[in-house]
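Structural features, examined
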Amino acid sequence: MAQKQYADAGSALEGLLFDGMTIAAGGFGLCGIPENLIAAIRDSGVKNLTIYSNNAGVDDFGLGVLLQTKQVKKMVSSYVGENAEFMRQYLSGELELEFNPQGTLAERMRAGGAGIPGFYTKTGVGTQVAEGKELKEFDGVTYVLERGIVADLAIVKAWKGDEQGNLVYRKTARNFNPLAATCGKVTVAEVEELLPVGSLDPDNIHTPSVYVQRLLKGEHEKRIEQRTTRVA
């Protein structure tokens, strides 16, 4: 069994980062984001990144920290709210943005990971989403061709993982993480708990170890994007 465990995020990314690369990132808002790996990417100084992610975090956390340092050239995302710096860079022409419907982005990651170069979907037909893309009719219905995503690197965050790289996600963190984990040429995972091989129930594994090349145990901050409270 190849050694996959690394001491920290910096060493887990060693030799993988380069200017102009593409990165698929798991997470939804601030839930299930690979925050240690994101911080290590920031600290590396790598630039001109294209990032595939549901969103870009917030101004001072998640992928938002890479926007603050202007290391991102292009975002391919579904939702860009909660991030004023994202909005500022986009409106000023400093950041390229490709909007994808959320399900389309998820399926693009899944398709890329499954070796499917493209697929047709009804979502986006007749809107700006379909501009410049191939259209095809099936059974009298028009569909748009979307390309599968294969990224240079995928970064994901799991609840539990074993030393072989099998991963289990917890509740809402099982969002884009399983999909992103499949579509990287190299996948690096950070986990809350790192367990011996055989500790995980095989029937409950969400990402099999074959997709994961490197992993680390991280310390994670539980942030809430929008805290809503009421008087007791």
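Residues numbered from 1 in each chain as written. Predicted model: local features only at pLDDT ≥ 70, side-chain atom pairs only at ≥ 80, totals over all residues. Heavy atoms only, no water.

What follows concerns the packing of aromatic side chains. Using the criterion set out here, one finds two aromatic pairs in the structure. Their ring planes at 80° and their centres at 5.5 Å tell us that Phe138 and Tyr143 sit as a pair that is edge-to-face. According to the relative accessible area criterion, Tyr143 is partly exposed, its value standing at 21%. Through a chain of ring-to-ring contacts, three or more aromatic side chains come together here, namely Tyr120, Phe138 and Tyr143. It is Lys160 that lies over the ring of Trp159; its NZ or CZ is 4.4 Å from the centre. A cation over a ring is seen here: Arg170 above Trp159, with NZ or CZ 5.8 Å from the ring centre. (Phe/Tyr/Trp six-rings, centres within 6.5 Å; stacked < 30°, edge-to-face > 60°. Buried < 20%, exposed > 50% of the residue type's maximum accessible area, 1.4 Å probe, protein only. Lys NZ or Arg CZ within 6 Å of the ring centre and 35° of its normal.)

Before going further, it helps to examine the sheet that holds strand β6 (residues 118–121). Read across the sheet, three strands follow the order β6-β8-β7 without closing on themselves; strand pairing throughout is antiparallel. One side of each edge strand has no neighbouring strand; the edge strands of this open sheet are β6 and β7 (135–138). Taken pair by pair, the neighbouring strands of this sheet meet at an average axis angle of 40°, ignoring direction. Where β6 lies against strand β8 (residues 141–147), four bridges are found, and the strand directions are antiparallel. Counterpart to Phe119 in the pairing with β8 is Glu146. Sitting on the sheet, helix α5 (residues 102–113) touches β6 and β8, and the angle it makes with β6 is about 150°. (Pairing = 2+ DSSP bridges. Helix = DSSP H or I, 4+ residues; strand = E, 2+ residues; numbered from the N terminus. Axes fitted to C-alpha atoms, helices over the stretch in contact; angles between N-to-C directions. Contact = heavy atoms within 4.5 Å.)

This part is about the environment of Leu66. Structurally, the position occupied by Leu66 is in helix α3 (residues 64–68). Taking relative accessible area as the criterion, Leu66 reaches 0% and is therefore assigned buried.

Moving on, we come to the pairing of strand β12 (residues 214–217). Pairing geometry for strand β1 (residues 5–6) and β12, over two bridges, is parallel. Note that in β12 the partner of Tyr6 across the bridge is Leu216. The pairing of strand β11 (residues 187–195) with β12 spans four bridges and is parallel. Bridged to Glu190 within β12 is Leu216.

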